[in-house]
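# Architecture at a glance
Here is how the chains run, residue by residue.
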Amino acid sequence: MKIFNRGYIHSIETLGTLDGPGLRTVVFFQGCPLRCKFCHNVDCVAPRGGSEYTIDELCRRVLKNKEYWGVSGKDGGVTVSGGDPTYQPEFLLAFIRRLHNQNVHIVIDTSLMTSTKVIESILPYVDLWMVSVKHMEEKKHEYLTGFSNKHILANIRHLDTLLDRKPKLRIRYLVIPGITDTLSALQLFSAFVSKLKSIESVELLPYGTYGVHKWIEMYGTYPLSKVNAATQNHVNAVAKALANVPFQLRTGNT
Ligand code: SF4
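Not measured: the values here are computed from a predicted model.

## Quick word on the overall build of the protein
A count of helical and extended segments in the protein gives 9 helices and 9 strands. Counting only residues that meet the buried cut, the protein has 52% of its 254 residues in that class. Accessible area of the protein: about 11600 Å², with a carbon and sulfur share of 51%. Positive and negative charge centroids in the protein, built from 30 and 22 side chains respectively, lie 2 Å apart.

This is the structure:
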């Protein structure tokens, strides 16, 4: 695969605690193939924007934080997020391969709306895959993201096979009241994750409205304006409905 030496980075968060274990430097890549109606980083979606970096510049920038990554006593390191980092696959590969070779723990936050070739190329350099499932019902997935979920679910199954029972796959599920917490959606989700063999945990995230101001600034409107933010009660109800999944259930913040 050809290596592109420049990438578009929306922003870098130096002390993230929500996107993977320990204290992490979170690198938000610009660009995403999906068009989620609830996107809280809608300014990351366009293919171009943010700042241009070379691999050297980006590595130098994130490695400045190296001293923090071990302080928590867990596996701190770098999380690549976005947007979706797989949208710039060559730059992503070069970046995480370089960090991996310096023993940096790498987490990727992705929807897996990408090719199997990209998944296979970055596989050796990723320590934890955080993959968000947007909706298990195809029509509702299309409504929420603009695309069918068939390709994404196939990619998750493929990744699960590649991981060969190593617990490196965290499935994230956004609890959107009235949309993703229906009985039918949760039954399908439970059946899907229960068949996966390489799960580290399933993480439930409450839908929040804190990204709405970006929609208003960019488009003057927000597609899910009639949907309320999820409360702890919503998340607890989903956790109860998923009590039978054979994995650790986490609840987190978006
Ligand atoms: S996958 Fe993430 S970044 Fe992309 S549109 Fe959906 S919520 Fe936004």
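## Digging into the site of the ligand
Inspection of the region around the ligand gives Cys32, Leu34, Cys36, Cys39, Val45, Gly83 and Lys134 as its neighbouring residues. A per-class count over the shell around the ligand returns 5 nonpolar, 1 polar and 1 charged.

## Quick look at the nonpolar core
Core analysis: the largest hydrophobic core is formed by 74 residues, its most contacted members being Phe95, Trp129, Ile156 and Ile171. Each residue touching Trp129, except ones within four places of it in the same chain, is listed here: Ile108, Thr110, Leu112, Ile119, Ile122, Leu123, Leu159, Leu163, Lys168, Leu169 and Arg170.

## Some points on the sheet that holds strand β6 (residues 128-133)
Here we have 9 strands laid out as an open sheet, ordered β3-β1-β2-β4-β5-β6-β7-β8-β9, and mixed in their pairing. Strands with a single pairing partner mark the edges of an open sheet, and in this sheet they are β3 (51-54) and β9 (249-251). Strand-to-strand twist in this sheet, taken as the mean axis angle between neighbours without regard to direction, amounts to 30°. Its contacts with the sheet put helix α3 (residues 89-100) on β1 (6-16), β2 (24-29), β3, β4 (77-81) and β5 (105-110), and the angle it makes with β4 is roughly 170°.

## Considering the environment of Ile106
Assignment of secondary structure puts Ile106 in strand β5. Sequence spacing of Ile106 and Tyr207 is 101 residues, and the spatial spacing of their C-alpha atoms is 25 Å. In contact with Ile106, other than residues within four places in its own chain, are Arg24, Val78, Ile96, Leu99, Tyr125, Val126, Asp127 and Leu128.

## Notes on the pairing of β1
Both β1 and β3 contribute to a ladder of 4 bridges, which runs antiparallel. Counterpart to Tyr8 in the pairing with β3 is Glu52. Two strands pair when backbone bridges link them, and β1 and β2 are joined in this way by 5 bridges, in the antiparallel orientation. In the sheet register, Ile12 faces β2, and the bridge partner there is Val27.

## Looking at helix α1 (residues 55-63)
By the burial criterion, the buried members of α1 are Ile55, Leu58, Cys59 and Val62. Looking straight down α1, one finds its buried side chains confined to an arc of 100°; they lie on one side.

## Quick look at the packing of aromatic side chains
In this structure the tally under the stated criterion is 5 aromatic pairs. In this structure, Lys37 packs its charged tip against the face of Tyr143, placed 4.4 Å from the ring centre.

## Topic: the pairing of β4
Of all 5 residues in β4, 5 are buried; the element is thus mostly enclosed. Here β4 pairs with β5 via 4 bridges, running parallel. Looking at β5, one finds that Gly77 is bridged to His105. As for the winding sense of the linkage, the β-α-β connection from β4 through α3 to β5 is right-handed.

Scoring rules and cut-offs
Residues numbered from 1 in each chain as written. Predicted model: local features only at pLDDT ≥ 70, side-chain atom pairs only at ≥ 80, totals over all residues. Heavy atoms only, no water. Helix = DSSP H or I, 4+ residues; strand = E, 2+ residues; numbered from the N terminus. Buried < 20%, exposed > 50% of the residue type's maximum accessible area, 1.4 Å probe, protein only. Areas by Shrake-Rupley, 256 points an atom, 1.4 Å probe, with all protein chains shown as cover. Lys, Arg positive; Asp, Glu negative; His and termini not counted. Charge placed at Lys NZ, Arg CZ, Asp CG, Glu CD. Near = heavy atom within 4 Å. Nonpolar A, V, L, I, M, F, W, Y, C, P; charged D, E, K, R; others polar. Core = buried A, V, L, I, M, F, W, Y, C linked by side-chain atoms within 4.5 Å. Contact = heavy atoms within 4.5 Å. Pairing = 2+ DSSP bridges. Axes fitted to C-alpha atoms, helices over the stretch in contact; angles between N-to-C directions. Arc of directions from axis to C-beta. Phe/Tyr/Trp six-rings, centres within 6.5 Å; stacked < 30°, edge-to-face > 60°. Lys NZ or Arg CZ within 6 Å of the ring centre and 35° of its normal. Right-handed = clockwise from strand over helix to strand, strands pointing away.

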